[in-house]
Amino acid sequence: MNTNYKIGEVAKMFGIHQDTLRNWEREGLVVPDRIGSRGDRVYTQKHIDFIINKKLAKAVSELGDNSNSDLMDLNQLKTFLWKSADILRGSINSADYAKYIFGLLFYKRMSDVWQEEYEKALEDFHDEEIAKAEYNHRFQIPEDAKWEVIEKTASDIGSKLNKIFEKITNANSPKLDKIFDDLDFANSDRFPNEILQNIINHFSKHKFGENYYSSDILGDAYEYLIQQFAADSGKKGGEFYSPREVERVIMHILKPHPKDHILDPTVGSAGFLLEAYQYLRNKEGKQKASSLYLYGQEKNLSTFAIAKINMFLHGLDGADIRRGDTLADPQFITPAGTLKKFDIVVANFPYSIKEYPYQKFKNDRFGRCVGYDAPPPKNADYAFILHIIKSLNENGRAGIVIPHGVLFRSGSEGKIREQIIKNDLIEAIISLPQKLFFGVSIPVAVLILNKNKPAERIDKIIIVNADKEYEEGKKQNRLRNADIEKISQTVANFQPVEKYAEVVTAEQIAKNDYNLNISRYVDNSDHREEIDVNEVLTEIMQITKERDHAENIVKKHLGEIGYL
């Protein structure tokens, strides 16, 4: 009988983490044998017997209980991370402290992962230099920038944090460029030393390495944080967060394929890109989903950092997220100086911006207005739409969340809408319920574009009026899975559904002066028969008269036979 065990076998035997065994070894509690030229750890029966001894259980408690039983499940992890917000709440506005929480969480994750990678490499190669080598680490954490350094700092914590973030950025440039640029912990009025000590201590309670939380688990928890901060921030939360249900509707319609190049030019927290990944992963597995090429651009520095961290925590290091104003300075350019073309473009752009670089956009070198009228100088909605059209390849598809005004406003917007319809780019329009977005009570619509429509859909658009099917909430409504499925399946079937969807032709739309107001084509209101009160009263009077006449006849006959 083999009485030699590897570290993983012992960990599994007792339901503890391998790091727990390593901690015991450092403390001198359980020291495994070393065998072979590499000095691999080997546990024997005497080690197993010792672990079973109750004295070790006490030692586990003294070490802080790093066993797997202490690992948080997803709900516990969400709660733990949200509690970090309570520490900062009151010190700074809720709309601002999100970026600080996200930055600290990402720092803790990187530091813990680096330590895990170091210990594994050291165990494999028994060489300090190799264990610290860059090629053994996903992120580089300088010795004086590890989490344990800030954990042991007692004074001037804010300035120390700033310096640590600068060191980490420089050690990982260009990978982490600009991610921490909008963080400044050195303001003692905003971040008293005690507050920072509390939040550092809070994060220090648990390890956040890969051995404890996979990218899927930690990524989901991070997404939860984003949603909570968006809800907490009210209207401002809508600037960086789109409801995942709306993004899911669009992805279920667009159906990303392996190796698709997908762009979100107003990427926010990168929810659309994650939804594309999740859609393909659920359908074809993680390997195929990992083949997607994900791109995003974001103007706001804090939101850009949220998106980048979101990608990293989900393990999507290859996602190309860039900072900049998409209308003024698009970042995805070919070597020839033209806009890069994509298989899919998705966006929930900021609605009806009044101040945007109108003149520059109108005459820009990318030709985004070629073939179209220029959008109005005080509303950027169609500027974003024209940018998206120009960014699609010959088979490109797009899903865009829009305010309803895009569908019916006149002037130059009406002319652009007419040109888009004549170019047969619109495949579907979906009206969504109101109050789906944080801080936005108005209903919105989804515009689906397709530059290579199937033959049977040429010069046709399916219009879906889904604004009455949702789950009502106190502050925010949401789409249910059944609602999402019905919308996507209706678009896929491309057939009329009574009081829900209609397939209209370009000719019909032209007769309506290219107005795409949903109610013109799909009326889902409850029609009730109109009542003419005077006519009803006349009928009642006639019935009463006939009743009185009948009663008189009955009385007459009863009198004749002696009953009255």
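Note that this is a predicted model, so its numbers are computed, not measured.

S.K.: Pulling in residues and values, what's your account of the pattern of salt bridges?
M.R.: For the coordinates displayed, the defined rule picks out 34 salt bridges. The partner of Asp 112 in a salt bridge is Lys 108, and the shortest N-O contact between them spans 2.6 Å. Separated by 4 residues within a single helix, Asp 112 and Lys 108 lie in helix α6 (residues 94-125), roughly one turn from each other. Among the ionic pairs, Asp 260 bridges to Arg 397, the shortest N-O distance being 3.8 Å. Here Asp 260 is found in the loop between α12 (244-254) and β3 (261-264), whereas its partner Arg 397 is found in strand β7 (residues 392-403), with 137 residues between them in sequence. Of the residues examined, Asp 260 reaches a relative accessible area of 7% and is grouped as buried. On the accessibility criterion, Arg 397 (13% relative accessible area) is buried. Within this structure, Arg 22, Glu 25, Arg 34, Arg 41 and Glu 123 form a network of salt bridges that share partners.

S.K.: Can you lay out the sheet that holds strand β6 (residues 342-347) for me, pointing to particular residues and giving the numbers?
M.R.: In sheet architecture, strand pairing relies on hydrogen bonds along the backbone and comes in two forms, parallel and antiparallel. In space, the 9 strands of this open sheet follow the order β5-β4-β3-β6-β7-β9-β8-β10-β11, with mixed pairing throughout. Across the chains shown, the open sheet's two edge strands, defined by having one partner strand only, are β5 (320-323) and β11 (501-505). On average, each strand axis in the sheet is tilted by 15° relative to the strand beside it, whichever way the strands run. As paired elements, strand β10 (residues 460-465) and β11 share 5 bridges and run antiparallel to each other. Among the inter-strand pairings, Val 464 is bridged to a residue of β11, identified as Ala 501. Most of the contacts of α12 go to β7, to which it runs at about 155°, and overall it touches β6, β7, β8 (426-431) and β9 (444-450). Against the sheet, helix α13 (residues 271-284) engages β3, β4 (293-298), β5, β6 and β7, with an angle of about 155° to β3.

S.K.: I'd like a rundown of unusual backbone geometry, residues and numbers included.
M.R.: A cis amide bond links Ser 173 with the next residue in sequence, Pro 174, at an omega value of 5°. In this structure, Pro 174 sits in the loop between α9 (157-171) and α10 (193-204). The phi angle at Ser 352 is positive, at roughly 50°, despite the residue not being glycine. Summarising the element assignment, Ser 352 is placed in the loop between β6 and α16 (358-362). In this structure, Phe 494 takes a positive phi of about 55° despite not being glycine. Residue position: Phe 494 is located in the loop between α20 (481-493) and β11.

S.K.: Describe α20, and please don't skip the residues or the numbers.
M.R.: The periodicity of an α-helix, 3.6 residues per turn, causes residues three or four places apart in sequence to face the same way. The end-to-end C-alpha separation of α20 is 18 Å, in line with the 18 Å expected for 13 residues at 1.5 Å each. Those residues of α20 not exposed but buried are Asp 483, Ile 484, Ile 487, Ser 488, Thr 490 and Val 491. Looking straight down α20, one finds that the buried residues subtend no more than 155° of arc, so they occupy a single side. Away from the buried face of α20 by more than 90 degrees, exposed residues Asn 481 and Ala 482 are located. Those residues of α20 hidden inside the fold are in contact with α12, β8, β10 and β11. In the segment just after α20, Phe 494 is the residue with positive phi, at about 55°.

S.K.: Describe the packing of aromatic side chains, listing the residues and the values that go with them.
M.R.: Within this structure, the stated rule accounts for 26 aromatic pairs. With 4.4 Å between their ring centres and 20° between their planes, Phe 165 and Phe 180 make a pair best called stacked. In this pair, Phe 165 is assigned in helix α9 and Phe 180 in the loop between α9 and α10, connecting sequence segments 15 residues apart. Residue Phe 165 is classed as buried on the basis of its relative accessible area, which comes to 3%. Judged by its relative accessible area of 5%, Phe 180 falls in the buried class. Ring centres 5.2 Å apart and planes at 40° place the aromatic pair Phe 185 and Phe 191 in the tilted group. You'll find Phe 185 and Phe 191 in the same group, each marked buried. Between Lys 146 and the ring centre of Tyr 118, over which it is positioned, the NZ or CZ distance is 6.0 Å. Here the basic side chain of Lys 486 rests over the ring of Tyr 500, its NZ or CZ set 4.1 Å away from the ring centre.

Rules used in this analysis
Residues numbered from 1 in each chain as written. Predicted model: local features only at pLDDT ≥ 70, side-chain atom pairs only at ≥ 80, totals over all residues. Heavy atoms only, no water. Salt bridge = Lys/Arg side-chain N within 4 Å of Asp/Glu carboxyl O. Helix = DSSP H or I, 4+ residues; strand = E, 2+ residues; numbered from the N terminus. Buried < 20%, exposed > 50% of the residue type's maximum accessible area, 1.4 Å probe, protein only. Pairing = 2+ DSSP bridges. Axes fitted to C-alpha atoms, helices over the stretch in contact; angles between N-to-C directions. Contact = heavy atoms within 4.5 Å. Expected span 1.5 Å × (residues − 1). Arc of directions from axis to C-beta. Phe/Tyr/Trp six-rings, centres within 6.5 Å; stacked < 30°, edge-to-face > 60°. Lys NZ or Arg CZ within 6 Å of the ring centre and 35° of its normal.

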